[in-house]
Amino acid sequence: MEIGLFIVGLIAATLRVATPLIYGTLGELFSERSGVLNLGIEGTMFLGAFAGFAVAAKTGSLWLGLLGAIVAGVLAGLLMSLLSVRLGVNQHVSGLGITLLATGISLYLFRVIFGESNVPPAIEPFPMLQILPESNVLAPITNQYLLTYIGILIIPLVWWIIGKTRFGLKIRAVGENPEAADAAGLNVYALRTYALMIAGGLMAVGGAFLTLAQLGSFTFGIVAGRGWVCIALIIFANWQSVNVLWGALIFGGVQALQLRLQTLGFKLPYELFLSLPYVVTIIALTIAGRNASAPSALLKAYRRE
Amino acid sequence: MKKFRIERAPAPGWMRTLIPIIAIPVTFIITSIVIMLDGANPFTAYYHFLIAPLATKSSAIEVLVKSTPLLLTGAAVAFAFKGGYWNIGAEGQLYAGAIAATFVGTTLVNVPPILGIPAMIIGGFAGGLLWALPSALLKVKLGVDEVVTTLLMNSIVLNVTSYLLNGPWRNPVSMWPQSPEIDPGTVFPQLLPRTRLHFGIIVALAVILISWFVINRTSFGLKMRAIGLSKEGARFAGIKVDKTMLTVALVSGGIAGLAGAGEVAGIHFHLIDAISDGLGYSGIIIATLGGLHPFGVSLAALFIGLIDTGAQTVSRAMGLPIYLGDVVQSTLLLVTLGLFVLQNFRFRRVE
């Protein structure tokens, strides 16, 4: 029974840890499939966490908070598009610039809005869904946040949009061969801009999950490299939406396991565990090497002659 | 009638120099909005930002203190970018240099400075170099994109640092998550009494001069610049692209490592989690602002050092959040990047 409870708790925690990663990675997937490596992800998630929290705290509505996060994320995507798509600026540097700006702006505005108090401001976060009664053994697994369920359901939706719709086909076309796509009459700039806007919105929801659901408060270390984990997961997932779920669950599972073992008093160098996804990704890249099926036009700015 | 036409052609050389200079006022106009959001006067804020830090001798020296690691991370990033290697990992290489320097400084006991200081420099360089090694090897041997691997190496070294400080290196006396103090013989000497200005800035300036010489006056520099312009072209010209790029990547890592060694040996005298707090990422801003030229990089590093110091002044004097400095820095980067597009166009008179 003891071990059963442990496993149930582990699965429940895994789903919670995986949720922001699912949103972030799906966002990055849109961006990269259209040919743009968006290193703005870390900052966009942070901005989403902040904007969601600030709007929710000021309006008293968590849903408006979520909307605010999405708007902020879409704006960050637009800025990324202006630089890396319209002006053709180097994607690494503009992406990192977005991360630095989004992080700086969030921290600055947080201090402007909430001042410098010793008691961090807090909101009443989203409740967990009560699908099974608390008495049920499996309740911790099923009784998750609505955003977790939405995140899992979005995966097949993204798979369908990218793989089966005309819009998805166009996104893939500009990501694989923008010259040919342009010759076929597609607007490369506009399509990449749409992809980056969707990407920004999804990343911001991933960040907002942390403030609006999981924690109910905003701390400066809240995103703590989750965006970079998403960059890693997308390679691990070989740019396929369905694999994103497995990647996020495996990472979430390792993280949840080390947290549980730690609370049980095992002395683990957990900091080294936290590095596992990065190490695994570098190894995965090494094995895949030149065969990694990244979109062909990734990192290449398109310039119409 | 004379008319001007805008056409797509490389702009004259002075345009490249002019761009960062135009970017500064544009940035300040944009960031005034953020300042006014807090109900403050942007002019007063910019006075405290840019002029006040230079008004007293002690704060002007503090600008140099803040610029010391920035000179090195900026030079490290610029060196790599110039050679066509997208090293995003200066932050991690700085940490690795700091860890290696701490190891040297806490292992040596009662050394004379004449041995201790060079040991710290070599240690810092070696640490940064080693941390840059996996990404560099993967790049040249297997063609693995260095952007992602150098970025991920940053996250890994943060965890390693945190592990060391909470585990084997935790200060046994205070139990704080910081390493024991380094040996006095390995401390970088102060350059001016009662200030934090230390020997590291001389190391930084020497690195800038050497990198200028290597890039512009040696055959190696010619090769790396050729690779930076076009890998295919360089390969066609018979340059050993892989070998040159490997060297560029490792030297860049080593330079970033020196920044970490300087922070340990000149400022903190032990290792802490927050030894950098983004100095490596600022290096990318500085390299871009400085047009990847060592002297441009030095000016940019001093300017970013001024902004870092100014953020503290403005925060003390007007109560504006200190993060204004980050906002100004990152806006400056994005504005400069946007304006660089100007160098693809030139005006031409048509009759």
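Remember, it's a predicted structure, so these values are computed and weren't measured experimentally.

## Notes on the overall build of chain A
The helix and strand inventory of chain A stands at 13 helices and 0 strands. Computed over the C-alpha atoms, the radius of gyration of chain A is 20 Å, within 12% of the 19 Å expected from 2.2 N^0.38 for a compact globule of 305 residues. Its C-alpha atoms put chain A at 65 × 45 × 35 Å along the principal axes. Among the 305 residues that make up chain A, the fraction classed as buried is 50%. If you take every contact in chain A between residues at least 6 apart in sequence, the share linking residues at least 24 apart comes to 78%.

## Quick look at the overall build of chain B
Across its full length, chain B holds 13 helices and 2 strands. For chain B, whose C-alpha radius of gyration is 21 Å, the value lies close to the compact-globule estimate of 20 Å for 351 residues. Its C-alpha atoms give chain B principal-axis dimensions of roughly 80 × 60 × 30 Å. Looking at chain B as a whole, 54% of its 351 residues qualify as buried. A separation threshold of at least 6 residues defines the contact pool for chain B, and within that pool the share at least 24 residues apart is 78%.

## Details of the interface of chain A and chain B
The interface of chain A with chain B comprises 35 residues on the first partner and 38 residues on the second. Of all the secondary-structure elements, those providing two or more residues to the side of chain A that touches chain B are α4 (91–114), α10 (226–236), α12 (270–274) and α13 (276–288) of chain A. Element by element, the count of residues in the side of chain A that touches chain B is highest for α4 of chain A, at 14 residues. Broken down by class, the residue content of the side of chain A that touches chain B amounts to 22 nonpolar, 10 polar and 3 charged.

## Description of helix α7 (residues 166–176) of chain A
Residues K170, I171, A173, V174 and G175 of chain A constitute the buried set of α7 of chain A. Its buried side turned inward, α7 of chain A meets α1 (2–33), α6 (146–164), α8 (178–183) and α9 (188–215) of chain A.

## Quick look at the packing of α6 of chain A against helix α11 (residues 241–263) of chain A
All names here are of chain A. Where α6 meets α11, the axes come as close as 8 Å, and the angle between the chain directions of the two elements is 150°. With respect to α11, the axis of α6 lies roughly antiparallel. On α11, the residues touching I155, V158, W159 and I162 of α6 are S241, V242, V244 and L245. For the contact of α6 with α11, the class distribution of residues is 7 nonpolar, 1 polar and no charged.

## A look at α1 of chain A
Look at α1 of chain A: 45 Å from first C-alpha to last across 32 residues, which is about the 46 Å you get at 1.5 Å a residue. Approximately 35° is the largest bend angle found in α1 of chain A, and it occurs at A18 of chain A, with the proline P20 of chain A only one to four residues beyond.

## Side note on the nonpolar core
Counting residues in each nonpolar core, the largest one holds 202 residues, and the members touching the most others are A49, A204 and L233 of chain A together with L72 and A75 of chain B. No other element matches α9 of chain A, which puts 16 residues into this core. Once you skip the residues sitting within four places of it in the chain, A49 of chain A turns out to touch G207, A208, L210, T211, F218, I222 and V223 of chain A.

## Re the packing of helix α3 (residues 57–82) of chain B against helix α7 (residues 200–217) of chain B
Residues and elements named next belong to chain B. Contact geometry of α3 with α7 gives a least axis separation of 9 Å together with a crossing angle of 20°. As judged from the angle between their axes, α3 and α7 are roughly parallel. Between α3 and α7 the crossing geometry is left-handed. Here L64, T68, L71, L72, A75, F79 and K82 of α3 lie close against α7, whose contacting residues are G200, I201, A204, V207, I208, S211 and I215. Split into classes, the residues belonging to the contact of α3 with α7 amount to 10 nonpolar, 3 polar and 1 charged.

## Topic: unusual backbone geometry
Residues and elements named next belong to chain B. Positive phi, close to 65°, is recorded for M175, a residue that is not glycine. Here M175 is to be found in the loop between α6 (146–166) and α7. Classification of M175 as exposed rests on a count of 8 C-beta atoms within 10 Å. One non-glycine residue with positive phi stands out, namely L292, at about 60°. As for its placement among the helices and strands, L292 is situated in the loop between α11 (279–289) and α12 (294–318).

## Considerations on the environment of V112 of chain A
In this structure, V112 of chain A sits in helix α4. Assessed through the 19 C-beta atoms surrounding it within 10 Å, V112 of chain A is described here as partly exposed. Not counting residues within four places of it along the chain, the set of residues in contact with V112 of chain A comprises L37, D38 and P321 of chain B.

Each value, and the rule that gives it
Residues numbered from 1 in each chain as written. Chains lettered and ligands numbered in written order. Predicted model: local features only at pLDDT ≥ 70, side-chain atom pairs only at ≥ 80, totals over all residues. Helix = DSSP H or I, 4+ residues; strand = E, 2+ residues; numbered from the N terminus. Rg over C-alpha atoms; globule rule 2.2 N^0.38 Å. Buried ≥ 20, exposed ≤ 12 C-beta atoms within 10 Å, placed from the backbone. Contact = placed C-beta atoms within 7 Å. Nonpolar A, V, L, I, M, F, W, Y, C, P; charged D, E, K, R; others polar. Axes fitted to C-alpha atoms, helices over the stretch in contact; angles between N-to-C directions. Parallel < 35°, antiparallel > 145°, perpendicular 65-115°, else oblique. Expected span 1.5 Å × (residues − 1). Bend = angle between axes of the 7 residues up to and from the residue. Core = buried A, V, L, I, M, F, W, Y, C linked by C-beta atoms within 7 Å. Left-handed = near helix turned anticlockwise from the far one by under 90°.

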